Protein chains: 2
Amino acid sequence: MTQTPISGTMFIGSAAVRGTSTEFRAINPATGAELDPVFGGGDAADVKRACDLAWAAFDSYRETSLEARAAFLETIAAEIMLVGDALIERACAETGLPRGRIEGERGRTVGQLRLFAQTVRAGNWIDARIDPAQPDRKPMPRSDIRQRHIALGPVAVFGASNFPLAFSVAGGDTAAALAAGCPVVVKAHSAHPGTAELVGRAVQNAVQRCDLHEGVFSMLFGAGAQIGTALVEHPAIKAVGFTGSRAAGTALMRAAAARPEPIPVYAEMSSINPVFLMPCALAARAAQIGRDFVASLAMGAGQFCTNPGLVLGVAGPDFEAFLASAVQALDGTGAATMLTPGINKAYRSGVARLSATANVSKLGEGLAETGPNQGRAALFVTDATSFSGDHSLTEEVFGAASLAIRCADVATMKALGERLEGQLTATIHMEPGDLASCRDLLPMLERRVGRILINGYPTGVEVCQAMVHGGPYPSTADGRSTSVGTLAITRFLRPVCYQDFPQELLPDALKDANPQKLWRLQDGDLVKG
Amino acid sequence: MTQTPISGTMFIGSAAVRGTSTEFRAINPATGAELDPVFGGGDAADVKRACDLAWAAFDSYRETSLEARAAFLETIAAEIMLVGDALIERACAETGLPRGRIEGERGRTVGQLRLFAQTVRAGNWIDARIDPAQPDRKPMPRSDIRQRHIALGPVAVFGASNFPLAFSVAGGDTAAALAAGCPVVVKAHSAHPGTAELVGRAVQNAVQRCDLHEGVFSMLFGAGAQIGTALVEHPAIKAVGFTGSRAAGTALMRAAAARPEPIPVYAEMSSINPVFLMPCALAARAAQIGRDFVASLAMGAGQFCTNPGLVLGVAGPDFEAFLASAVQALDGTGAATMLTPGINKAYRSGVARLSATANVSKLGEGLAETGPNQGRAALFVTDATSFSGDHSLTEEVFGAASLAIRCADVATMKALGERLEGQLTATIHMEPGDLASCRDLLPMLERRVGRILINGYPTGVEVCQAMVHGGPYPSTADGRSTSVGTLAITRFLRPVCYQDFPQELLPDALKDANPQKLWRLQDGDLVKG
């Protein structure tokens, strides 16, 4: 294990650069204490240097062999592990998250890099296609036409506050972009700059160990309104990955659309993740669902994009039994340190807004705060008519607050679902007797969400081939995509077609000999080798 | 063969509706004469009815079986053929295009529908993925997680002026959207309303014959600024397909981005399709290239998105031989009727602008006009420095005009390529002696264009699996896509994930039994069940 000091610097290519435009420190939210060292935020000149380097690295990096690129991702994972306990300790101090959670998140982060390495090697994402020439076709011969996908270009990645490792410097967007062949310029989140520096140095080490162009990776600190906008506006940047608030995400969307060359923005923004409790499920296990629901609600102080912020059931004794069980579970749920003073303040203000809303009552809450920046879980209840009449009740309260809705019947639950904006997830609790109702509900949910769960809880997002962590606007900027799972690589690709190329000029993926042993669509048939 | 009268109506679901907001007639550009009948343009209420019907049709249409949807596409093709010669005659009259071209375009249009039918049946576009549960995994069990792609929602398709069949009412965007499971609302181009009505009725007949919800297809007439904007702004519309001018395309992009729920716009806009003539190719066959280049330039009065508007070579005797041959070929090239008086006027003004530009000379031109609305092909020449200094020289002149650039060397050709905006195509003429120069040029071209051709001409876009008719902005609004070829189906899809679903609730594509016999990514391996 290497002890790596934190020096307060950014990384621009192979250089460690001290930003000179602003100074800031991390804060330990559990104590309110400022942490050493002082960090320096960058300016527009730093953005320009990083983006120019990324552009310079692009052509060579996107043509690295599949094996070289996969090895690079695995080397990043290894370098992150080499940082050792210093990373865990710093991340805990900067986020208030417990050690077990941070260790798990590190495992997820390196696992994600390794899964993308496998994905790169398999090469299905290239979507290689070959339509051979038909010289004798009448009335016109057909040319030899081939297609592959290539990297879009350098990608700007904005680190999220709530996953200091898995959605940050070397998180999902960075892994997917690097896997696709895109250099990455990260704007690290200022809430965990020490964690960011440790991970950033690990990536920088991996770039060097793998003998790649230094411009493949840079990492900047600075205010979003300055550094972030400059990054999105730089002509070398060809796509943006972001996880955060709806206000910040839509600002990036506007900036990207206003460029001389508009670029795609993959922003994951807000979601209240409705949970539909069907009658037979409530009849069978209302108390158990109440307990498990609160465990999901309070996990990580509720600071997940997939936190269940809305729960719907048919009014009656079974739904009341669920609510009573949830209230009882809350009563044993301790307040938890939130990520930043700002997030805690916003949570308190969201809870206060719900408390003050007409026809909304606070049914129960967790144990009182015992330290700074703690959030106390809370469950509110209202009726369907009041919910329909107040759009503000569909807005995300980031933290462990949820709103239950007493509905007249399953049809009302469905009708309320139709009024919701796009969501990352929806959950149904059901028993066999609910099958017909579920069939009725599912088309509406498919149109509105990225992932539908049966008899589970939306928190906990598996990193795998089939995951979708995405959904229609405003849960994300672009519902055609996911930010978790291997499909995310397609965000950063575009197709290019090669017509009548001699073998010598074709990329390996499209050569007759298929040296990479790819699955290819050959004259309409999927074949390998 | 059925004789189908043209009545001047729009189609809203199963109804033929006379628009009441404006009246207009088609014009025969070859004579300037107005054609019968009078057409009625629609209004916002017509847009609302069509979009509401499309929304009502969406859930049932997107879940039609693969076979039913494929049969629908094939029925549209059959119905178009059933219109018979009336369609060919009307399209010729409305566009000034010769019968052979229109017959060929009809073949391409029905061929495209049939190719999408095959694509729907094969089902690869569903990208079905199954990650089975791992109940014994430590430290946490894994859920059963499955993914498929579903249709985005109703799509607004804007017919193009220059392909009255293949990029119009039942053209590429409509075929791809219907294949994906999206209802379509077409805004037909007012330059060929009779052709649009005949094709629109064929689609409407197919909807009825296949017993689909009437909202699967509607077709409206009207001014873009009214009907078009209302269509893009309607909340039921979830994506836009457009082929036309940069001004109109970027206006749609702005309208789509400004919606409460922004939606993707696939606009194909402008491209000058650079042709790079490498030294050994010119040494070997300058005269032949000159003749073939002019044939491509003048084809269809130059009214193709892929028309070669720019040609670069190293100054010297071989490039002059190419230019002389091109000038000679132009000298035997008749003026051709353009699609509309407006397009002809814009072409004349573009040619006049080039003629008046400092350091640009007209090298040669086609034969003089002999009738109304004719365009006369023209070849201009300039030098690399003048080209670099005047951004207006990179703007598309829609029609048979091209600009040749005398460059000092191949490095200059490459440097000028780096200054170009995104393009649909680039073409290289080469011989084995040019291989090294081509290798140097290709990375730049891959970054800038959707399709690269060797020793061919960009006009003529094959409809196949591997075609890319797309490219970076501003050639299209979204370089991650294509408007020709089977990959176009992915424009209108988004992924949805199903977690821990009982078999009874899974869509067929994700059931264990794989009843559709799809290729699926099963635990990371591509298998066909």
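What this report covers is the structure whose coordinates are included nearby.

**Quick look at the sheet that holds strand 23 (residues 493-499) of chain A**
Here comes step 1: What the 12 strands build is an open sheet, ordered 25(A)-24(A)-7(A)-8(A)-23(A)-22(B)-21(B)-14(B)-15(B)-20(B)-19(B)-17(B); its pairing is mixed. Of all the strands in the sheet, just strand 25 (525-528) of chain A together with strand 17 (361-365) of chain B have a single pairing partner and so form its edges. Here the strands of the sheet are splayed against their neighbours by 25° on average, with no regard to which way each runs.
Here comes step 2: Examined bridge by bridge, strand 17 of chain B and strand 19 (residues 378-383) of chain B share 4 bridges and lie antiparallel to one another. Considered in strand 19 of chain B, the bridge of K362(B) is made with F380(B).

**Some details on the packing of helix 14 (residues 435-448) of chain A against helix 1 (residues 44-62) of chain B**
Here comes step 1: Two elements in contact, helix 14 of chain A and helix 1 of chain B, have axes whose closest approach is 11 Å; the angle formed by their N-to-C orientations is 105°. Between helix 14 of chain A and helix 1 of chain B, the interaxial angle falls into the category roughly perpendicular. Residues P443(A), E446(A) and R447(A) of helix 14 of chain A form the contact with helix 1 of chain B, whose own contacting residues are W55(B), F58(B), D59(B) and R62(B).
Here comes step 2: Tallied by class, residues from the contact of helix 14 of chain A with helix 1 of chain B come to 3 nonpolar, no polar and 4 charged.

**Focus on the interface of chain B and chain A**
Here comes step 1: Across the contact, 69 residues belong to chain B and 69 residues belong to chain A.
Here comes step 2: Interface area, chain B with chain A, both sides summed: about 5900 Å², of which 58% is carbon and sulfur.
Here comes step 3: The interface formed by chain B and chain A contains 10 salt bridges.
Here comes step 4: Residues D59(B) and R447(A) are paired through a salt bridge, measuring 2.7 Å at the closest nitrogen-oxygen approach.
Here comes step 5: Taken together, the connections running from chain B to chain A amount to 42 residue pairs in polar contact (both at pLDDT 80 or more).
Here comes step 6: The set of elements that each furnish at least two residues to the side of chain B that touches chain A consists of helix 1, strand 7 (129-131), strand 8 (145-151), helix 14 (435-448), strand 22 (449-454), strand 23 (493-499) and strand 24 (519-522) of chain B.
Here comes step 7: In terms of residue class, the side of chain B that touches chain A is built from 37 nonpolar, 10 polar and 22 charged.
Here comes step 8: As judged from the 3 bridges shared by strand 22 (residues 449-454) of chain A and strand 23 of chain B, these two strands associate in the parallel manner.

Rules used throughout
- Residues numbered from 1 in each chain as written.
- Chains lettered and ligands numbered in written order.
- Predicted model: local features only at pLDDT ≥ 70, side-chain atom pairs only at ≥ 80, totals over all residues.
- Heavy atoms only, no water.
- Pairing = 2+ DSSP bridges.
- Helix = DSSP H or I, 4+ residues; strand = E, 2+ residues; numbered from the N terminus.
- Axes fitted to C-alpha atoms, helices over the stretch in contact; angles between N-to-C directions.
- Parallel < 35°, antiparallel > 145°, perpendicular 65-115°, else oblique.
- Contact = heavy atoms within 4.5 Å.
- Nonpolar A, V, L, I, M, F, W, Y, C, P; charged D, E, K, R; others polar.
- Buried area = accessible area lost by both parts, 1.4 Å probe.
- Salt bridge = Lys/Arg side-chain N within 4 Å of Asp/Glu carboxyl O.
- Polar contact = N/O pair within 3.5 Å; in protein donor to acceptor, adjacent residues only side chain to side chain.

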